Amino acid sequence: MDLQRSRWQQFTTTLLSYAIADNAYRMMCSELNNHLILISGESGAGKTEASKKILQYFAVTCPMTESLQTARDRLLLSNPVLEAFGNARTLWNDNSSRFGKYMDIQFDFKGIPVGGHIISYLIEKSRVVYQNQGERNFHIFYQLLEGGEEELLAYLGLERDPQLYKYLSQGHCAKESSINDKNDWKTVSNAFSVIDFTEDDLENLFGIIASVLHLGNVCFEENHQGRATVPHTHEIEWIAKLLGVHSSVLLEALTHRKIEAKTEEVICPLTLELSVCARDAMAKAVYGRTFTWLVNKINSSLVNKDFTKKTVIGLLDIYGFEVFDKNGFEQFCINYCNEKLQQLLIERTLKAEQAEYEMEDIEWEPIQYFNNKIICDLVEERHKGIISILNEECTRPGPATDLSFLEKLEEKVGKHAHFQTRKLAGPKGRKRIGWMEFRLFHYAGEVTYCTKGFLEKNNDLLYRHLKEVLCRSKNSILKECFLVAELENRRRPPTVGTQFKNSLSSLLEILISKEPSYIRCIKPNEKKEPSQFDDFLIRHQVKYLGLMEHLRVRRAGFAYRRKYEHFLQRYKSLCPDTWPHWHGPPAEGVERLIKYIGYKPEEYKLGRTKIFIRFPRTLFATEDAFEFSKHQLVARIQATYKGCLERRAYLKKRQAAIKLEAHWRGALARKEARRRKWAVQIIRKFIAGFINRNKPLCPENEEFIVFVRKNYILNLRYHVPKSVLDKSWLTPPGILENASDLLRKMCMRNLVRKYCRGITAERKALMRQKVVTSEIFRGKKEGYAESLNQPFANSRIDEGDINPKVLQLISHEKIQYGIPVIKYDRKGFKARQRQLILTHRAAYMVELAKIKQKIEYAALKGVSTSNLSDGILVMHVSPEDNKQKGDAILQCEHVFEAVTKLVVLAKKENLVDIVQGSLQFYISPGKEGTIVFDTGPEEQIYKDKNGQLTVVSVRMPS
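Residues numbered from 1 in each chain as written. Predicted model: local features only at pLDDT ≥ 70, side-chain atom pairs only at ≥ 80, totals over all residues. Heavy atoms only, no water.

In a pair of packed helices, the angle between the axes and the distance between the axes together describe the arrangement. Their axes nearest at 8 Å, the elements helix α10 (residues 247-255) and helix α17 (residues 464-471) cross at an angle of 155 degrees. With respect to each other, α10 and α17 are oriented roughly antiparallel. You can see that α10 and α17 cross each other, and the crossing is left-handed. Residue-level contacts link V249, L250, E252, A253 and L254 of α10 to H465, L466 and V469 of α17. In terms of residue class, the contact of α10 with α17 is built from six nonpolar, one polar and one charged. (Axes fitted to C-alpha atoms, helices over the stretch in contact; angles between N-to-C directions. Helix = DSSP H or I, 4+ residues; strand = E, 2+ residues; numbered from the N terminus. Parallel < 35°, antiparallel > 145°, perpendicular 65-115°, else oblique. Left-handed = near helix turned anticlockwise from the far one by under 90°. Contact = heavy atoms within 4.5 Å. Nonpolar A, V, L, I, M, F, W, Y, C, P; charged D, E, K, R; others polar.)

Below, the structure written as structure tokens:
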């Protein structure tokens, strides 16, 4: 349940950040002005995370091109680099920003992010050399030790255990379960490659980071003269190697101080305490200036070389209000910055709201909270006084201490209602304030500051001797950070307080110049735990941030206000009277515009120079109408422009078409002339060739004869005979008669060869049978000539038409031929349906499932048929064969085929007898019958009065 609630909180935070970023982006694109998103809240409230979400939103939703992809990636990946070098774990936040960051994201006129610029403010350099209990140094130190490659650590002279380094072990929490330094190192390394860091840059940068760790491990001892010495120079050697300086010169600079007196230079030894201070000052100076170089390096990679006008969205992620058990100079500066930002917010919202209504003569009910301490705090007077006193103490001649600074505060600021010390507090308050502490009442609550170290941190001095060493460093980064020109400048550098106050003033100028949006982060609890809400803490933050006052002012006032000129310029297209130009006063134009739109009196007020719209829905409706009108206008402009372009293109194409047509017609005419000239020449040659066609081949008739040959050959291919029987042939011209005859013979031979090759063995056997038929019947029997075009069949009966019992009876013989026949009885000449089946050995007369007669070929005496067109055939058997019943009288449709098949199988081609008039057939021993053949008007077969079988057939025309 807690996990789900935590995820819901993250989702809500992300959604709100996206909504504010989207609104600022849309307003920037539509109004083409600069915007600002100010993120504020206590330390640990989520300001850094909110800034990440906003950058992610811009990276994902803004239009993008491939060429600008690198700029977008560098904007995104600048965050992890700056967090590594500028963020650290504190008691209230595991990723606390220890510097202020203002980022300008630059957009072109299309709304595409094209570049950026980052300004950093007051990095907490003291954290490099000292951390409170439960806190860590900057992330980069732990990331380098945890995630760096073995070769890199060996080159830098580092070990992985952070407890080995003094600057990393003072807070006693080098390892933290909620922080994954190894993964963070991978992210930072990837970011370095994208942000255009070279190998030399990274080598020098990591050398500086490692040298700071080595510097913290330099130990000093006091000799018998009270001077500081370094007994072990191992760390000095590593520092000298990494920074590119001489170890002896560095050792001298850490233990001695160079003092200039007019024209002389005196080198004085340092005490143990001063040497430690010099070492720490060097570490802080090196790290602080390296961080500045890092920001400048990122800016150089983000710079956009296109100098056209751009709009920007500023993103301010600055350290939040801090209250620790022990608060020092850094917390004083951080809280001062938060006071100024809160004052800016009040002036730009609550006070500015009331002043604007008064100036514009707008009637409304003022909120009673404007006189509240939260809003009217004298922050500027109090902090300026403290910083001025601090600078005086740092710069005045004579000894100045933190105690003298506190006494000066009591003298100059002691009467301020929001300032207390132990001396000035009442009896109850004294117990909670130490002798070296003072208390300020901020807008977020009271904070007690310890003055120990205030003067030192404000001075932030680096001994000249150490400056000379660093200016002569061979490390390219340090060369840029410590310029030789600094040594020539004898003026005292401005104090940290002065620098911070000036940079804060410039930041406020930047913020005032932009249209603001606000994200107020609320810290839910002090334990850094998810899904835990401390009601008292949240109410306290809501109260001192003035959120309820803001809400009341917004509810009582107007949601939107804009100058008449800007309002009219944006929405003039919604009214015919104001579009496209309004020539009268802007106020009258706006009045006529809103009347045309249909604003109700309670929805708006007209001021002296501005229009005030009370309800957001009214503005949204106007914006929707404007978007619709804009699309219509754009469509009209596009249509007009496209029409203009098309007319230009049409005229251009028309001129081109006329020119092309003229050239093309000329080309066609020239081509036609050439073609006609060629045709005339060909016709002349053809006529001459035709006249001389019968002469021997000569130049006059050569082309004509070639043409005639070619034309004849080409035509002949469409008239070639398709079969052997086709005797047609294309008539040749006289000069090609011989060639035509040769071609005809070749064609016929080819057809014959093709026909012969296409005959199968089975068809060849049938054709041989046809030859036998010709030898037997040609010129002897009527109907033979008509049967020539009827090919023989292998059988006229399918095997399936024969009774299975019959097949079983003759299974030892293969059926060669079968045909349906009509058998006439030998005595009564009664017609009976039979099947004549021929095998290699015998002929069978079959009736249904019975074999009525079997005539073996050996017993076959002969076969008789008439010379007429009837289908009668008589199979004569030998009378001596007792097995036979007598001759078989048969009638069949294919008599030529049946007789031929029979005599071929019996191998008795010479026993066929073709009779005229009548024939005798054998009935039984000693008894014969007669068949009489005659012609008539119709075919008949009957038994006559004489008991003879008379067969009448129709005479076929000769």
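Back to the text.
Read from one edge to the other, the open sheet built from three strands follows the order β11-β12-β13, with strand pairing classed as antiparallel. Only two strands of the sheet have a single partner each, and these edge strands are β11 (419-421) and β13 (445-450). With direction set aside, neighbouring strand axes in the sheet form an average angle of 25 degrees. Of the strand pairs in this sheet, strand β12 (residues 437-442) and β13 are connected by six bridges, and their pairing is antiparallel. Paired with H442 across the two strands is G445, which belongs to β13. Of the strands in this sheet, β11 and β12 touch helix α14 (residues 402-412), which is tilted by about 135 degrees from β11. (Pairing = 2+ DSSP bridges.)

In this structure the tally under the stated criterion is 35 salt bridges. Linking D201 and K297 is a salt bridge whose minimum nitrogen-to-oxygen distance equals 3.1 Å. Of the two residues, D201 is situated in helix α8 (residues 199-216) and K297 in helix α11 (residues 272-302); the sequence distance between them amounts to 96 residues. The pair D201 / K297 is uniform in exposure class, with both members buried. Here E782 and R955 are joined by a salt bridge, their closest N and O atoms 2.3 Å apart. Taken together, the residues span a long stretch of sequence, with E782 in the loop between α28 (761-777) and α29 (784-787) and R955 in the segment after β29 (949-953) at a distance of 173 residues. Owing to a relative accessible area of 17%, E782 belongs among the buried residues under this scheme. Taken together, the shared-partner salt bridges connect R98, E124, R127 and E135 into one network. (Salt bridge = Lys/Arg side-chain N within 4 Å of Asp/Glu carboxyl O. Buried < 20%, exposed > 50% of the residue type's maximum accessible area, 1.4 Å probe, protein only.)

Quick look at the state of the cysteines now. In a disulfide, the sulfur atoms of two cysteines are covalently bonded to one another. Scanning the model with the defined rule gives zero disulfides in all. Unpaired in this structure, C62 has its nearest cysteine sulfur neighbour in C29, at a distance of 7.2 Å. The class for C62 is buried, based on a relative accessible area of 4%. Take C333: it sits in no disulfide, and the sulfur closest to it among the cysteines is that of C337, at 9.5 Å. Judged by relative accessible area, which is 3%, C333 ranks as buried. (Disulfide = S-S within 2.5 Å.)

Here we take up the environment of K297. Distance from K297 to L716, taken between C-alpha atoms, is 92 Å for residues 419 residues apart in sequence. Ignoring any residue separated from it by four or fewer positions in sequence, one finds K297 in contact with D196, F197 and D201.

Interpretation note: all reported values are geometric properties and have no functional meaning in isolation.
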